[in-house]
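Structural overview
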Amino acid sequence: TSNVYNMSFMFYHCSSLKELDLSNFDTKNVTSLSFMFSGCKALKELNINHFDVSNVTDIEETFANMKMDKIDLSNWVAPKLKNVYTMFVHSEFREINISNLDFSNLKAESSMGFLDGWESVFYNCNYLEKLYTPKVTGSQDIELPFDDYSIVENGNYSDTRYNLLPKNLSKSVVLERNTVEYTTWQKDYTYTLYTADSEGKFGDGTVMPGTVETAS
């Protein structure tokens, strides 16, 4: 595969494919991986961390609609990357590691010209519990599927909850869903109580009477 430049749609919607050995793939000249594994719902494991993505510019919808538990792309360094539109859309990954990718200077526009903004990258990734973030030094608002992610350092959760990727990240951080009870204060001196269910998901919350004199 050393002379292949475009691997777009290579395994697109191979929904019955259970195993895939790509250990001998040479991807050093590849520029597009768009839709490559999109719809591969039966795959339980995908070992592509060895891929040379140094010339890749496009990973639009590469991992969409996949049902694997985790994916490790920590060795991917793609200095020419331009398009990450709907990269993981509708996937069921619980853990994603893209710690060496840089999302600082990318566009969130599909190859067909659709502009859905940065919410599309992780859109409807409703199983995502842990994310090794890409670097983000630009101003993009890259949305997460929930609003209860915290930065984890040495086993401790940060106090701040994130529904967007933290900005000004010159290096990767680990975000995990902090699925414990928490509150947000409203300006009318009430607060909303959020409680996780048995699956760690939060509902709309219950408005409770506040006891503070000023709102934060």
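Here goes a summary of the coordinates provided. (Residues numbered from 1 in each chain as written. Predicted model: local features only at pLDDT ≥ 70, side-chain atom pairs only at ≥ 80, totals over all residues. Heavy atoms only, no water.)

Description of the overall build of the protein
Under the convention used in this document: Secondary structure follows DSSP: runs of H or I at least 4 residues long count as helices, runs of E at least 2 residues long count as strands, and numbering of each begins at the N terminus. Three labels apply to residues, based on accessible area from a 1.4 Å probe with only protein chains included: buried if under 20% of the type maximum, exposed if over 50%, partly exposed otherwise in between. The criterion used for residue contact is that any of the two residues' heavy atoms lie within 4.5 Å. We get accessible surface area from the Shrake-Rupley algorithm with a probe of 1.4 Å; when it comes to residues, only the shown protein chains can shield them.
A tally of helices and strands in the protein yields 0 helices and 9 strands. Put simply, the protein runs from its N terminus to its C terminus through helices and strands in the order β-β-β-β-β-β-β-β-β. Looking at the protein residue by residue over its 216 residues, the buried ones come to 44%. Long-range contacts, defined here as pairs at least 24 residues apart, represent 62% of the contacts in the protein between residues at least 6 apart. A total accessible area of about 11500 Å² is found for the protein, and carbon and sulfur atoms account for 45% of it.

Remarks on the sheet that holds strand β5 (residues 156-157)
Here is the rule: Paired strands, as defined in this entry, are two strands with at least two bridges between them according to DSSP.
Taking strand neighbours across the sheet as the criterion, the 6 strands line up as β1-β2-β3-β6-β4-β5 in an open arrangement whose pairing is mixed. The sheet is open, and its two borders are formed by β1 (70-72) and β5, each paired with just one other strand. Bridge count for strand β2 (residues 95-97) against strand β3 (residues 130-132) is 3 bridges, and the pairing is parallel. Its bridge partner being in β3, Glu95 is matched across the sheet by Lys130.

Here's the deal with the environment of Phe9
Relative to the assigned elements, Phe9 resides in the segment before β1. With relative accessibility at 42%, the residue Phe9 sits in the partly exposed group. Here the alpha-carbon distance between Phe9 and Phe37, two residues 28 residues apart in the chain, equals 7.1 Å. Residues in contact with Phe9, not counting those within four places in the same chain, are Ser34, Phe35 and Met36.

Some details on the nonpolar core
The nonpolar side chains of a soluble globular protein tend to be buried, and buried together. Note the cut-off: The term nonpolar core refers to a set of buried residues drawn from Ala, Val, Leu, Ile, Met, Phe, Trp, Tyr and Cys, joined through side-chain atoms within 4.5 Å.
Judged by nonpolar contacts, the single largest core of 48 residues is most densely connected at Phe63, Met87, Phe88, Phe103 and Phe122. Residues contacting Met87, with those up to four places away along its chain left out, are Ile59, Glu61, Thr62, Phe63, Ala64, Leu73, Ile98, Leu101, Phe103, Ser120 and Val121.

A word on the packing of aromatic side chains
Inclusion rule: Working definition: rings of Phe, Tyr and Trp (its six-membered ring) pair if their centres are within 6.5 Å, and the pair is stacked with planes under 30 degrees apart, edge-to-face with planes over 60 apart, and tilted otherwise.
Evaluation of the coordinates by the stated rule reveals 11 aromatic pairs. Measuring from centroid to centroid gives 6.0 Å for Phe37 and Phe63, while their planes differ by 15°, and the two rings are stacked. In this pair, Phe37 is assigned in the segment before β1 and Phe63 in the segment before β1, connecting sequence segments 26 residues apart. Under the relative-accessibility criterion, Phe63 is labelled buried at 0%. Measuring from ring centre to ring centre gives 6.4 Å for Phe51 and Trp76, while their planes differ by 5°; the resulting arrangement is stacked. Remark: Trp76 occurs in the loop between β1 and β2 and Phe51 occurs in the segment before β1; sequence separation between them is 25 residues.

Here's the deal with the environment of Asn168
Relative to the elements of secondary structure, Asn168 occurs in the loop between β5 and β6 (174-177). A residue is classified by how much of its surface remains accessible, and Asn168, at 63% relative accessible area, is exposed. Each C-alpha atom of the pair Asn168 and Lys135 lies 8.0 Å from the other, and the pair is 33 residues apart in sequence. If we ignore the near neighbours within four places in the chain, the residues touching Asn168 are Val136 and Thr137.

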